[in-house]
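Observations on the three-dimensional arrangement
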Amino acid sequence: MKIITLFIALLFYLNTGFAQETVIRKHRLTDQITERISVLKSDKSTRQGLYQAVTEKNIAVASGSFNQDKKTGVWHFYDPQGRLLQNYDYTQKTLLFEAVEDTTSNLRYFVDKALTDSDRTAKPVKAGGRYFGYIPYLKVFKLPEALMSISRTASYAVIELLVSPGGRLADFKVHIFSGLTYHKVFNMSTDMPNEEDKIFIPATVNGDPIGCRIMMRCWIDNEGGLEIN
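Residues numbered from 1 in each chain as written. Predicted model: local features only at pLDDT ≥ 70, side-chain atom pairs only at ≥ 80, totals over all residues. Heavy atoms only, no water.

1. Let's talk about the environment of K41
- Residue placement: K41 occurs in the loop between β2 (33-40) and β3 (47-55).
- The class for K41 is partly exposed, based on a relative accessible area of 45%.
- The spacing of K41 and R25 is 16 residues in sequence and 9.9 Å in space, taken between C-alpha atoms.
- With residues up to four places along the chain from it excluded, the contact list for K41 reads E21, T22 and V23. (Helix = DSSP H or I, 4+ residues; strand = E, 2+ residues; numbered from the N terminus. Buried < 20%, exposed > 50% of the residue type's maximum accessible area, 1.4 Å probe, protein only. Contact = heavy atoms within 4.5 Å.)

2. Re the sheet that holds strand β1 (residues 22-28)
- An order of β1-β2-β3-β4-β5-β6-β7 is seen for the seven strands of this open sheet, with the pairing classed as antiparallel. Here the strands that pair on one side only, and so sit at the sheet edges, are β1 and β7 (94-98). For this sheet the average axis-to-axis angle between neighbouring strands, irrespective of direction, equals 15 degrees.
- The pairing of β2 with β3 spans six bridges and is antiparallel. Each residue of the ladder has a partner; that of I37, found in β3, is Y51. (Pairing = 2+ DSSP bridges. Axes fitted to C-alpha atoms, helices over the stretch in contact; angles between N-to-C directions.)

3. Some points on the pattern of salt bridges
- Per the stated rule, a full pass over the model turns up 14 salt bridges.
- With a shortest N-O distance of 2.8 Å, D79 and R83 are connected by a salt bridge.
- In this structure D79 comes out as buried when scored by relative accessible area, which is 10%.
- The exposure class of R83 is exposed, given its relative accessible area of 52%.
- The residue E101 makes a salt bridge to R130 at a minimum N-O spacing of 3.9 Å. Taken together, the positions of E101 in the loop between β7 and β8 (107-110) and R130 in the loop between β9 (121-122) and α2 (135-139) put the pair 29 residues apart, joining distant regions of the chain. (Salt bridge = Lys/Arg side-chain N within 4 Å of Asp/Glu carboxyl O.)

Structure below.
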């Protein structure tokens, strides 16, 4: 009995000794979203442990865990009202749940193929859901100084993403519309800061992968950045 007790005590000591001490770091992801990230105390650039992204009303739009700076296990993604949009398992790289998308969505999907009523289609899916998953594409665009004076109420933006049949980001554009006639297109780099932002679950038609364009309507904030509802 003493041997068993000593063995358990030794295991506890070893686990405590090897446990990596963490601290919580806060980071402003967008004007509306703040990240709460558990990072190593010894290396604050390495994410380790729980992660949460919350709105100004303290509503979570993403929650999950990191292990040595990599997303692990099941993550949950919500819209800004707290409605569940997606569950994604980053360990198994498997989509567990995707909420039904209705006509109020800011996203539209287009394939270069004439579809019939009998075709079985599946849209492309981004890990992170239809809100949090698209924030990285918003963040890389800033309205040029020459256009900062355009009316925000009379203007809007459309992000256009081309996803290849292999599920890779193949093209990235930002369209700016203002008034009745103004339309300017900005060609963006597909070399996103994070590799995972280049990867999608591709669209399919009758079970076969197909290229698909995603069009996402956005509004332009006072600083020239893009936001989605």
